[in-house]
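These are the residues of each chain, in order.
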Amino acid sequence: MNILQPIIALILSLVPGAGAPDAAVPAPAPVVSQGSVTQSDLIAETNRARVAEGLAPLKPMNEINNIAQNWANNMAKRDVLVHSSDYHAQYPQGWTKAAENILTTGAHADADYMIDMWLNSPGHRQNMMNPAITHVGVGIATTNDGQQYAVQNFARY
């Protein structure tokens, strides 16, 4: 919450006519921050799940992490869960396969919970457990009300 909003609201309440609906202070945009779940946590849990299935762990790729983080931030700022239409166009050259998983959870969720959510969804599980995938990037952003938005971007290089 913007620290000035309560002060502005108090001042407006003291000025005759200023408290009318058309003089209302607009709601602030959601604040995006890093909550308790980190990119490293999500990558580690993703790889634990893959290894448990007999698959090779994925290699984290900073460029793909940045793409995923930017998208997580975008979703959190808009407070909307939606796939990126061009995530793979942002990948460094040389990839031959690409996939994206997204999700949103409340503040209570840790990395293990998030990975379980993806694993319990057939399409998301297929992306995570694809033996042809070699690299991963993840992003996580939290709104001021605690809603978490997470992204996994996968690639084969």
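The name given to the protein in an unreviewed UniProt entry is CAP domain-containing protein, and the organism recorded there is Corynebacterium breve.

J.: Please clarify how a negative patch on the surface should be interpreted in this entry.
T.: A surface patch of negative charge is lined by Asp41, Asp110, Asp112 and Asp116. Position of Asp116 relative to the elements: it lies in helix α4 (residues 111-119).

J.: I tried to follow the pattern of salt bridges on my own but got confused; where do I start?
T.: As enumerated under the stated definition, the model contains two salt bridges in all. Notably, a salt bridge pairs Glu45 with Arg48, separated by 2.6 Å at the nearest N-O pair. Residue Glu45 and its partner Arg48 are located together in helix α2 (residues 39-52), separated by three residues, close to a single helical turn. A residue is classified by how much of its surface remains accessible, and Glu45, at 16% relative accessible area, is buried. For Glu53, the salt bridge goes to Arg125, with nearest N and O atoms at 3.1 Å.

J.: Quick question: what am I supposed to make of the nonpolar core here?
T.: Side chains of nonpolar character tend, in soluble globular proteins, to be buried together. Counting residues in each nonpolar core, the largest one holds 22 residues, and the members touching the most others are Leu42, Met114, Ile115, Ala150 and Phe154. Of all the secondary structure elements, the ones that give two or more residues to this core are α2, β2 (97-105), α4, β3 (135-142) and β4 (148-156). In terms of residue count, α4 provides more of this core than any other element does, five residues in total. When sequence neighbours within four positions are dropped, the list of residues in contact with Ile115 reads Leu42, Glu45, Thr46, Ala49, Met128 and Gln152.

Rules used in this analysis
Residues numbered from 1 in each chain as written. Predicted model: local features only at pLDDT ≥ 70, side-chain atom pairs only at ≥ 80, totals over all residues. Heavy atoms only, no water. Patch = residues over 30% accessible without salt bridge, like charges linked within 9 Å, V, L, I, M, F, W, Y side chains within 5 Å. Areas by Shrake-Rupley, 256 points an atom, 1.4 Å probe, with all protein chains shown as cover. Salt bridge = Lys/Arg side-chain N within 4 Å of Asp/Glu carboxyl O. Lys, Arg positive; Asp, Glu negative; His and termini not counted. Charge placed at Lys NZ, Arg CZ, Asp CG, Glu CD. Helix = DSSP H or I, 4+ residues; strand = E, 2+ residues; numbered from the N terminus. Buried < 20%, exposed > 50% of the residue type's maximum accessible area, 1.4 Å probe, protein only. Core = buried A, V, L, I, M, F, W, Y, C linked by side-chain atoms within 4.5 Å. Contact = heavy atoms within 4.5 Å.

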